[in-house]
Amino acid sequence: MPAPLPRAERRTRTWVAMLLLAAVVLGGWLASSPTGASPDDDYHLTSIWCSRGFTEGECLPNPSGPWDRQTFVPFPVASMSCTAYEPTISAACQEDVLARDPRQLTLGIGGNVGGERAGLYYWAMHVFVSDDYPRAFASIRISNAVVALLLFAATMAVAAPGLRRAVALVGVVGMLPLGLFLLTSVSTSAWGLAGLGTFWANLLTALLPGSRRRRSTAAGLATLGAVLALGARTEALAHLLLAVPIVLLLRRAIIGGGNTARRLRPVPVLIVTGGAAAVLTLAAAFLPTPAVLTSLVGSVADGAAEVSERGLGDPWFAVLLEVPQLWAGGLGDRWGLGWLDTPMPSLTSVLTVGTFVALTSAGLRGAARARGAAAAVTIVGLVALPAVSLVAAGLVVGEQFQPRHYLPAVLLLLGTAVIGDRRSAGLVIGPGGRAVLVTTLMIANAAALHVTIRRYTAGLTQARTWDLNADVAWWWPALPAPMTTWAVTSLAFAGLAWLVLGLFVEPQGTPTDPQPTSETAPARPTE
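Reading the values: the criteria
Residues numbered from 1 in each chain as written. Predicted model: local features only at pLDDT ≥ 70, side-chain atom pairs only at ≥ 80, totals over all residues. Heavy atoms only, no water. Helix = DSSP H or I, 4+ residues; strand = E, 2+ residues; numbered from the N terminus. Buried < 20%, exposed > 50% of the residue type's maximum accessible area, 1.4 Å probe, protein only. Contact = heavy atoms within 4.5 Å. Areas by Shrake-Rupley, 256 points an atom, 1.4 Å probe, with all protein chains shown as cover. Core = buried A, V, L, I, M, F, W, Y, C linked by side-chain atoms within 4.5 Å. Pairing = 2+ DSSP bridges. Disulfide = S-S within 2.5 Å. Polar contact = N/O pair within 3.5 Å; in protein donor to acceptor, adjacent residues only side chain to side chain.

A.B. asks: If you had to explain the overall build of the protein to someone new, which residues and values would you point to?
C.D. replies: The helix and strand inventory of the protein stands at 21 helices and three strands. Classification of the 527 residues of the protein by burial places 51% in the buried group. Restricting to contacts in the protein with at least 6 residues of sequence separation, those with at least 24 account for 79%. When the accessible surface of the protein is split by element, carbon and sulfur atoms take 64% of a total near 22100 Å².

Here it is, written out as structure tokens:
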């Protein structure tokens, strides 16, 4: 028999396999829907084409309307969302859109030329603009998937060992199904989820004891995540401000509250001051001024009055009763994918929500007080962010604001629950638990992906069919058949879930690693 591989080499092969499987999963989810399927894609595409200003053939102003909200762009750019709010039709309508004269311009929604939203994402994606619209649209989506994959991979590569597993679990459990759908879309939420989903882990790694190279690299990745998030999403600043105190609490939970100056001394002052200056510089344009804060207080009062006038009773109570559905919506419950027109099956939502609750509860068992406090602060943020946003706008849950706006905080809660600390190993599961969880996640993903593919290949009707190759009206010409794509992606997700959850299994009958001290990392099961 060949000699067993050294432990370090086995671990490297595991991470490489995880990376490859994650790439297949993202590719399958990208193929499951056409360009224009994600929320506000018509606005995002128009804003990408107009991000470098008015240019002949790409973007022209609207002389008879509000120039900052409507612009003239090529017909395919403005019209690819032909399936929006029409779940019974397939994406075959895009063939007529792409058949139009590419030189024809039409009125598009948005353009962001007035700078009403963060513009970095649009400016960066403009590099893919061309007259070959299918290729340009696909390039934007593929680049978003690659950015997410590389950012998560880099985060896990530099993270402290216990934290590395948490990041992997967040990517598999927390992103199913909404996150996987958005990471492979045109939506600015792709950058927002990638940046915010890794920011907290990189910031924590930078603050934990470790090598100078690891900590400085993590600080750079945290800054990159903040740049991506702030440059794409207006709500990113609120999530970043929420993450900072939680990370500080997690750091205390891991290394204790003693004298930490000695541990931080090896880190060059330049890294600390430079990183802080970069974060402050990035946030300066987004931080609310006193006038903005005063306006916000006034908006909350006015919005609360509007809710009351609608006969909905106490505005805060009416909103707080329903806020949890915005959390569960990211896991497939009630809220659909796409333009909220692709409802997820109960088989997905029940299994994903149940798995999330089970993992969070198990991970927090025996947690240090500081980590418990971090989880509590995250939950408070999950309540406060949507409640204030809705009441200030005079809205209730189900109107305007969607689960994608709050999914980063849900990911943060899961990560906080499973990383472990100086008192607890965090999430530890047995071989049987691993098999159950993998089966649960595999079924949830397969069901969600099946419905998504069917919605765009043939449209959703009351008649359900197992065979995705039947009645196909739209599909990618260069890809395998829908059924083959679904099967390969489902198997890849199952393999990825098996490897990720295996990181939380404590081997039976083998000695564990010596318990790490507070100078290194939190107590944990062996990898």
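Now that the structure is up, let's keep going.
A.B. asks: Residues and numbers for unusual backbone geometry, please.
C.D. replies: Between leucine 176 and the following residue, proline 177, the backbone shows a cis peptide bond with an omega angle of -5°. By secondary structure assignment, the location of proline 177 is in the loop between α7 (161–174) and α8 (178–183). If you check the backbone angles, aspartate 40 has positive phi at about 60° while not being a glycine. One can find aspartate 40 in the loop between α1 (7–31) and α2 (41–49). Even without being glycine, aspartate 471 reaches a positive phi, approximately 60°. Following the sequence through the fold, aspartate 471 ends up in the loop between α20 (431–457) and α21 (482–502). Assessed through its relative accessible area of 62%, aspartate 471 is described here as exposed.

A.B. asks: Now, about the nonpolar core: what can you tell me, with residues and values included?
C.D. replies: Counting 126 residues, the largest nonpolar core has Trp29, Ile48, Trp49, Tyr121, Leu163, Leu169 and Trp200 as its most contacted members. If we ignore the near neighbours within four places in the chain, the residues touching tryptophan 29 are Leu176, Pro177, Leu180, Phe181, Thr184, Leu337, Asn445, Ala448, Leu449, Thr452 and Thr489. Residues Leu326, Ala387, Leu395 and Phe401 belong to the second largest nonpolar core, which totals 15 residues.

A.B. asks: Which residues make up the sheet that holds strand β1 (residues 60–61), and what values go with them?
C.D. replies: Spatially, the three strands line up as an open sheet ordered β1-β2-β3, and their pairing is antiparallel. Among the strands making up the open sheet, the edge pair consists of β1 and β3 (105–109). Relative to β3, strand β2 (residues 70–74) runs antiparallel, the two being bridged by five bridges. Bridging across to β3, threonine 71 finds its partner in glycine 108.

A.B. asks: With reference to specific residues and values, describe the side chain of glutamine 325.
C.D. replies: Looking at where glutamine 325 falls in the secondary structure, it is placed in helix α16 (residues 324–329). If near-sequence neighbours (up to four positions away) are discounted, glutamine 325 is found in contact with Arg334, Trp335 and Val397.

A.B. asks: Residues and numbers for the state of the cysteines, please.
C.D. replies: Applying the stated criterion across every chain yields a total of two disulfides. The partner cysteine of cysteine 82 in its disulfide is cysteine 93, sulfur to sulfur 1.9 Å. Where cysteine 82 bonds to cysteine 93 through sulfur, the torsion about that S-S bond is close to 80°, and the disulfide is right-handed. With cysteine 82 in the loop between α3 (75–79) and α4 (93–98) and cysteine 93 in helix α4, this residue pair connects regions lying eleven residues apart in the sequence. Disulfides within the protein link the bonded cysteines, taken in sequence order, as 1-2, 3-4.

A.B. asks: If you had to explain the side chain of arginine 251 to someone new, which residues and values would you point to?
C.D. replies: Within the secondary structure layout, arginine 251 lies in helix α11 (residues 236–255). You can call arginine 251 buried: its relative accessible area is 13%. Within polar-contact distance, the side chain of arginine 251 engages the backbone oxygen of leucine 207 at 2.7 Å.

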